[in-house]
Amino acid sequence: LVGRLIVAKVGEQIGQQVIPDNRPGAGGNLGLALTAKAAPDGYTMGIATASIAVSPALYNDLGYDPVKDLAAVARLTNIPNVLLVHPSVPAKSLRDFINLAKATPGKLNFGSGGTGTTNHLANELLKYVEKINIVHVPYKGVTQAMMAMMTGEVDEVVMPVATALPQIKSGKVRALAVLADKRIATLPAVPTGIEQGVKDFIMPVWYGMFAPAATPKDIINRLNRELTRALQSKDVVDKLVAMGVDPWPGTPEQLAELLKTEIERFGAVVRAAKIPKQ
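Below you will find a few notes about this structure.

### Thoughts on the environment of Lys92
Phase 1: Note on placement: Lys92 falls in the loop between strand 3 (81-85) and helix 4 (94-103).
Phase 2: Each C-alpha atom of the pair Lys92 and Leu176 lies 6.6 Å from the other, and the pair is 84 residues apart in sequence.
Phase 3: Not counting the four nearest positions on each side in its chain, Lys92 is found in contact with Arg174 and Leu176.

### Things to note about the sheet that holds strand 2 (residues 70-79)
Phase 1: Sheet architecture is open: four strands sit in the order 1-8-2-9, paired in antiparallel fashion. A single partner strand is all that each edge strand has here, and the edge strands are strand 1 (46-49) and strand 9 (246-250). Each strand of the sheet is rotated relative to its neighbour by a mean of 25°, with strand direction disregarded.
Phase 2: Both strand 2 and strand 8 (residues 205-212) contribute to a ladder of eight bridges, which runs antiparallel. Bridge assignment links Thr77 to a residue of strand 8, and that residue is Tyr207.

### Description of the packing of aromatic side chains
Phase 1: By the definition in use, this model includes zero aromatic pairs.
Phase 2: The lysine or arginine in question, Lys131, covers the ring of Tyr128, its NZ or CZ lying 5.0 Å from the ring centre.

### Some remarks on the pattern of salt bridges
Phase 1: On inspection of all chains with the given rule, the structure shows 12 salt bridges.
Phase 2: A salt bridge links Lys9 to Asp235; the shortest N-O distance between them is 3.2 Å. With Lys9 in helix 1 (residues 2-14) and Asp235 in helix 9 (residues 234-242), the pair connects residues that are 226 residues apart, well separated along the chain.
Phase 3: Looking at Lys9, the relative accessible area reads 16%, which means it is buried.
Phase 4: Judged by relative accessible area, Asp235 falls into the partly exposed class, the value being 35%.

What counts as what
Residues numbered from 1 in each chain as written. Predicted model: local features only at pLDDT ≥ 70, side-chain atom pairs only at ≥ 80, totals over all residues. Heavy atoms only, no water. Helix = DSSP H or I, 4+ residues; strand = E, 2+ residues; numbered from the N terminus. Contact = heavy atoms within 4.5 Å. Pairing = 2+ DSSP bridges. Axes fitted to C-alpha atoms, helices over the stretch in contact; angles between N-to-C directions. Phe/Tyr/Trp six-rings, centres within 6.5 Å; stacked < 30°, edge-to-face > 60°. Lys NZ or Arg CZ within 6 Å of the ring centre and 35° of its normal. Salt bridge = Lys/Arg side-chain N within 4 Å of Asp/Glu carboxyl O. Buried < 20%, exposed > 50% of the residue type's maximum accessible area, 1.4 Å probe, protein only.

Spelled out as structure tokens, the structure:
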């Protein structure tokens, strides 16, 4: 949804149709591998989520190197994650949940959209930092994990605020912490994990645009200008905000630095969790 909205606006701006080509598989790596091998002429780009920074720690053979084979074009958007529990869990805050986990090691569990997803790694980070034992239950997607929590099958799930908001407002789930550096407008009463004493408990879902590594710098800069312009246009901003998505335009250099630091951060979490490579 994010990609189609943004590139449609870019198409208006440049007077050419930009065609979305969905290539799901291997945590997004199939589409990014095709991007890396495409002609470096500016006509093929790939949208990546934060999973691009997790993949090097999870896969033995990606089919591409995220740093060497792709050129950063632009940051696109940022979606905060929120930690949720089933109403039956006797925890009114993140600190309550941590204390409960410490008092009952191995009794609480959490659902995720699968091994290596941000909702999985957010909990692995919490386990590592707070030295708690909660059990991972992977599902085929975060929506299935949310449904499992709503029926009481799992106790806790981390997921994007945009997806969780209706269930939070209806009281079907309880929000304990926003995994961002500051509180967010859509959930002003929910404190951040950092506010509740969990150091560096930040786990957003970010999106960035990449191109084949050999794409000329002048083309990269032109693409960046058009994407930034689209992300600053009122109609696109209004639609993104309505979806619970924050526009987050940035330079190629900012995206490249983000990728580098996130590879290091996620790599440390994967190693701490002892997640085997596939």
